[in-house]
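# Reading the structure
Chain residues, written in single-letter form:
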Amino acid sequence: MTALCRELQKLARQAGGSHKTVHDRLHMAERLSRHLLDLNIQLKSVSHLKAKHIESFIADRQAQGISLRTLHNEMAAVRVMLREAGRDKLADADRLGNQALGLQGASRAGTRVAISQTRYQAALDTFTQKDAGLAATLELARLMGLRSQEAVQCSQSLPTWATALARGDERLAVVFGTKGGRPRQTLVLDREAMTHAVNLALDIAATRHGRLIPKPDLKTAMNYWRSQATRAGLTGAYSPHSLRYAWAQDALRHYRAMGFSLREACALTSTDLGHGDGRGRYIRRVYAQGVSL
């Protein structure tokens, strides 16, 4: 590892953020350092970085066919590290703006859509034949709007959810696998279906030492989940995240039916999904595409 890479990675950690954000930033630092080293540009410090070095890196990434949204995120990481090093002037330089770098036109709307009931049922049938634990995980992900990692780790919360449902709670705590390690409370939209799904999952987990996906570690479990999801047709626009889109649209309709304004419904759904109430516009633009509210 070069001196430049070590310094960039130190800055990446200092800048803070969620575990995933810092993790991605560390990889970004390594990619930038490797690019410069491949060109025999041997910089020993971030203080020696110039705009032309970053322009060269982005041009190389574009030539590799990396998506605009990914390049936006990578440039955001570069700017954060530069500011952490006190190089605000370079971070804000016009020639390193997205437009100047040829990165304009990307949308945050994403490429996924809400999964249809027909496609969901087909995937559930495939999982049921393959592995009851996978099927239970899929059903809970759809009923609660879980991210993949939340779904894979949800077996740890099954007893708590069963107790909360029996008590009549309107919300369930999602604790494990959350983005940034931030627990959230999510609305129970269909109590009968949730109660059935949780009780069934508890029965399955009881035969598998408390797990729905009986793998030795999280990485192996996540790989198994993703590979089986792909084989079941949950790929591309209909990746497992499409389950979360469908749940979000159900939640939006629920809040609107209760009399909340569209703005309030989006803020409430954003909170349920773990984004916080300040990302209502994002929810409306991304999760509510094509939905009449």
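This write-up is about the structure you can find in this document. Position numbers for residues start from 1 in each chain and track the written sequence from start to end. Two thresholds apply to this predicted model, a pLDDT of at least 70 for residue-level local features and 80 or more for giving and counting side-chain atom pairs, whereas whole-chain, interface and lining totals are computed over all residues. By convention in this description, side-chain values take in all heavy atoms of the structure and omit both hydrogens and water.

Turning to helix α3 (residues 51–63), a few remarks are in order. Helix and strand definitions follow DSSP, with helices as H or I runs of at least four residues and strands as E runs of at least two, each counted in order from the N terminus. To estimate the expected span of a helix, count its residues, drop one, and scale the result by 1.5 Å. In a regular helix each residue adds 1.5 Å, so 13 residues correspond to 18 Å; α3 covers 18 Å between its end C-alpha atoms and thus fits that length. Here the term buried applies to any residue with accessible area under 20% of the maximum for its type, exposed to any over 50%, and partly exposed to those in between, with areas from a 1.4 Å probe on protein chains only. Buried residues of α3: Ala 51, His 53, Ile 54, Phe 57, Ile 58 and Arg 61, and no others. When α3 is viewed along its axis, its buried side chains cluster within an angular range of 165 degrees and face the same direction. The criterion used for residue contact is that any of the two residues' heavy atoms lie within 4.5 Å. Those residues of α3 that are buried are in contact with α2 (19–38), α4 (68–84) and α5 (88–91). Just past α3, the residue Gly 65 takes up positive phi, approximately 85 degrees. Throughout, the arc means that of the directions going from the helix axis to the C-beta atoms.

Our next topic: the side chain of Glu 74. By secondary structure assignment, the location of Glu 74 is in helix α4. In this view, Glu 74 contacts Met 28, Arg 31, Phe 57 and Arg 61; residues no more than four positions away in its chain are not counted.

With that settled, consider the environment of Ser 270. Within the fold, Ser 270 resides in helix α13 (residues 262–273). By relative accessible area, which is 0% here, Ser 270 ends up buried. A C-alpha to C-alpha distance of 9.1 Å links Ser 270 and Arg 281, two positions 11 residues apart in sequence. Excluding anything up to four places from it in sequence, Ser 270 contacts His 275, Gly 276, Arg 279, Gly 280 and Ile 283.

Before going further, it helps to spend a moment on helix α6 (residues 117–130). Under the 1.5 Å per step criterion, the end-to-end length of α6 is 20 Å for 14 residues, consistent within 8% with the ideal 20 Å. Considered for burial, the residues of α6 that qualify are Tyr 120, Ala 123, Leu 124 and Phe 127. For α6, the buried positions fall inside an angular range of 100 degrees around the axis, keeping them on one side. In this structure, α6 carries Thr 118 and Gln 129 as exposed residues pointing more than 90 degrees from its buried face. Buried residues in α6 make contact with α7 (132–144), α11 (218–231) and α12 (241–257).

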